[in-house]
Amino acid sequence: MSSIPNWIIGSDAAWPIRLIVVLAAVHTARPKMIRTMQLEDVGLGNRRITVGGHVRPLDDLTHRAVLDWLDHRRRYGRAG
């Protein structure tokens, strides 16, 4: 079970939206910043994230959202 609050995550089918909402809410990421992000922008091991060219600590909520999204992507493919 995800540690992301239900009021953020909504439907179980909305995995990409969950991550987008967390990036926008926690890191004030604008739509263009989110669209241009790459997997290399997230350092799960060193708990860092680069958003809009700024490196910041990867908080627990974003860390969990990224892990959940990667797990969903691995299970159901990139489009899901």
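Here's what I pulled together on the structure shown here. (Residues numbered from 1 in each chain as written. Predicted model: local features only at pLDDT ≥ 70, side-chain atom pairs only at ≥ 80, totals over all residues. Heavy atoms only, no water.)

**Observations concerning the pattern of salt bridges**
- In the structure shown here, the tally under the stated rule is four salt bridges.
- Between R47 and D60 there is a salt bridge whose closest N-O contact spans 2.5 Å. Of this pair, R47 sits in the loop between β1 (42-43) and β2 (48-51) while D60 is found in helix α4 (residues 60-76), placing the two residues 13 residues apart along the sequence.
- Two residues, D71 and R74, come together in a salt bridge whose shortest N-O distance is 2.5 Å. Of this pair, D71 and R74 are both found in helix α4, three residues apart, which corresponds to roughly one turn of the helix.
- For R74, a relative accessible area of 65% translates into the label exposed.
- What you see here is one network of salt bridges that share partners, running through D71, R74 and R75. (Salt bridge = Lys/Arg side-chain N within 4 Å of Asp/Glu carboxyl O. Helix = DSSP H or I, 4+ residues; strand = E, 2+ residues; numbered from the N terminus. Buried < 20%, exposed > 50% of the residue type's maximum accessible area, 1.4 Å probe, protein only.)

**Focus on the sheet that holds β2**
- On the basis of which strands lie adjacent, the open sheet formed by three strands has the order β1-β2-β3 and antiparallel pairing. With partners counted over all chains shown, the strands left at the sheet margins are β1 and β3 (54-57), one partner each.
- Where β1 and β2 come together, two bridges link them in antiparallel fashion. Within β2, the residue paired with V42 across the bridge is I49. (Pairing = 2+ DSSP bridges.)

**Here we look at α4**
- Its 17 residues place the ends of α4 24 Å apart at the C-alpha level, agreeing with the 24 Å of an ideal helix rising 1.5 Å per residue.
- Where α4 is concerned, the buried positions are T62, H63, A65, V66, D68, W69 and H72.
- Backbone nitrogen of L61 and a side-chain oxygen of the N-cap are separated by 3.1 Å at the start of α4; the cap is D59.
- One or two positions beyond α4, positive phi appears at G77, with a value near 95°. (Expected span 1.5 Å × (residues − 1). Polar contact = N/O pair within 3.5 Å; in protein donor to acceptor, adjacent residues only side chain to side chain.)

**Brief notes about the packing of helix α2 (residues 15-27) against α4**
- Orientation of α2 relative to α4, taken along the N-to-C sense of each, is 160°, at an axis distance of 9 Å. In this view, α2 runs roughly antiparallel relative to α4, as classed from their interaxial angle. The handedness of the crossing between α2 and α4 comes out as left-handed. For the pair formed by α2 and α4, the contact residues are W15, P16, L19, V22, L23, V26 and H27 on the first element and L61, T62, A65, V66, D68, W69 and H72 on the second.
- For the contact of α2 with α4, the class distribution of residues is ten nonpolar, three polar and one charged. (Axes fitted to C-alpha atoms, helices over the stretch in contact; angles between N-to-C directions. Parallel < 35°, antiparallel > 145°, perpendicular 65-115°, else oblique. Left-handed = near helix turned anticlockwise from the far one by under 90°. Contact = heavy atoms within 4.5 Å. Nonpolar A, V, L, I, M, F, W, Y, C, P; charged D, E, K, R; others polar.)

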